[in-house]
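Observations on the three-dimensional arrangement
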Amino acid sequence: EKQKQHYMRLIEQQDPDVKQGPKRAFLMTSRHTSVMQYSTNGIAGALKKLGYQVRILIETDDMQFLYPEWQVREIYEFNPHLTININHMFNDIVNEKTWNVVWWQDPMAELVNSEPLKVRSRDLVFSYDLSFDNLWMKKQSSPIYRQEFCFDSDVFFPDPDIQREEKIVFVGSSYANY
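Structure report, in brief. (Residues numbered from 1 in each chain as written. Predicted model: local features only at pLDDT ≥ 70, side-chain atom pairs only at ≥ 80, totals over all residues. Heavy atoms only, no water.)

Some words on the overall build of the chain
Filter applied, for reference: Segments assigned H or I by DSSP are reported as helices when at least four residues long, segments assigned E as strands when at least two residues long, and all are numbered from the N terminus. In this description, contact between two residues means that some pair of their heavy atoms is separated by no more than 4.5 Å. Each accessible area is a Shrake-Rupley result for a 1.4 Å probe, and residues are judged covered by the shown protein chains and nothing else. Counted as positive: Lys and Arg. Counted as negative: Asp and Glu, with His and the chain ends omitted from the count. Charge placement uses NZ in Lys and CZ in Arg. For Asp and Glu, CG and CD serve respectively.
What the chain contains, in helices and strands, is 5 helices and 6 strands. Mapped in sequence order, the helices and strands of the chain form the string α-β-α-β-α-β-β-α-β-α-β. With respect to the principal axes defined by its C-alpha atoms, the chain has extents near 60 × 40 × 40 Å. Taking the intrachain contacts of the chain between residues at least 6 apart in sequence as the baseline, contacts between residues at least 24 apart amount to 55%. When the accessible area of the chain is evaluated, it comes to approximately 12100 Å², of which 54% is carbon and sulfur surface. Computed over 20 positive and 25 negative side-chain charges, the inter-centroid distance for the chain is 6 Å.

Right, here's the structure in full:
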């Protein structure tokens, strides 16, 4: 906890000035959720194409945990202009001049519980679904914007050589033996 507070004080003193070098974007994700990992990596790839320096914080193996001390140290060392978070606000660990984008993909405890959320003027909040908008509006009067899942057109694109065939495809499982 002392280490976290130490880095929090250092973060408050930083000046993430966009005029100093390339823009820097910081993203956190977890090895424990595939959807967040792929979404985070897709966002990071798009930001790199726009010229951003990008740092993704993720556990390197199943033995690690993203402790708050590690998070704030990484944020301090990178001094981002922008943070992007999926399913968590994390706006309490960034500099007040840092833009913070939050994208709700799941009804996390932070969104569902009755505790108020701190929203800063540099927080932009998006959601995947109208039900998350409604959860947000019960807690906040600040705006929430719609952002559905996206795809990278460099990876996923129409292949003109594939002929459409009328087939029935079953995706699922059979519970006949249960």
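Quick word on the packing of aromatic side chains
Our working definition: Here a Phe, Tyr or Trp ring, Trp counted by its six-membered ring, pairs with any other such ring whose centre lies within 6.5 Å, and the pair is stacked when the planes are under 30 degrees apart, edge-to-face when over 60, and tilted otherwise.
Applying the stated criterion to the full structure yields 3 aromatic pairs. With 5.7 Å between their ring centres and 50 degrees between their planes, Y7 and Y76 make a pair best called tilted. Here Y7 is found in helix 1 (residues 2–13), whereas its partner Y76 is found in helix 3 (residues 68–78), with 69 residues between them in sequence.

With respect to the nonpolar core
The line we're drawing: Nonpolar core, defined: a set of buried Ala, Val, Leu, Ile, Met, Phe, Trp, Tyr and Cys residues in which side-chain atoms within 4.5 Å join the residues together. Only protein chains enter the accessibility calculation, which uses a 1.4 Å probe; a residue is then buried when its area is under 20% of its type maximum, exposed when over 50%, and partly exposed in between.
Core analysis: the largest hydrophobic core is formed by 13 residues, its most contacted members being F26, M28, L57, V72, I75 and I93. What F26 contacts, discounting residues up to four positions off in sequence, is R55, L57, E74, I75, F78, P80, L82, T83 and I84. Grouped together as the second largest cluster of nonpolar side chains are 10 residues, W104, F132, W136 and I144 included.

A few points about the side chain of N79
Among the structural elements, N79 can be located in the loop between helix 3 and strand 3 (82–86). Those residues in contact with N79 that lie beyond four places of it in its chain are Q14, D15, P16 and R24.

Points about a nonpolar patch on the surface
Defined as follows: A residue counts toward a patch only above 30% relative accessible area and without a salt bridge, and it is joined to like-charged neighbours within 9 Å or, for Val, Leu, Ile, Met, Phe, Trp and Tyr, to nonpolar neighbours within 5 Å. Salt bridge, as used here, is a side-chain nitrogen of Lys or Arg placed within 4 Å of a carboxyl oxygen of Asp or Glu.
Among the surface-exposed residues, V35, Y128 and F149 lie close enough to one another that they form a single nonpolar patch of about 260 Å² accessible area. Along the polypeptide, F149 turns up in the segment after strand 6 (145–146). Note on F149: relative accessible area 41%, which makes it partly exposed.

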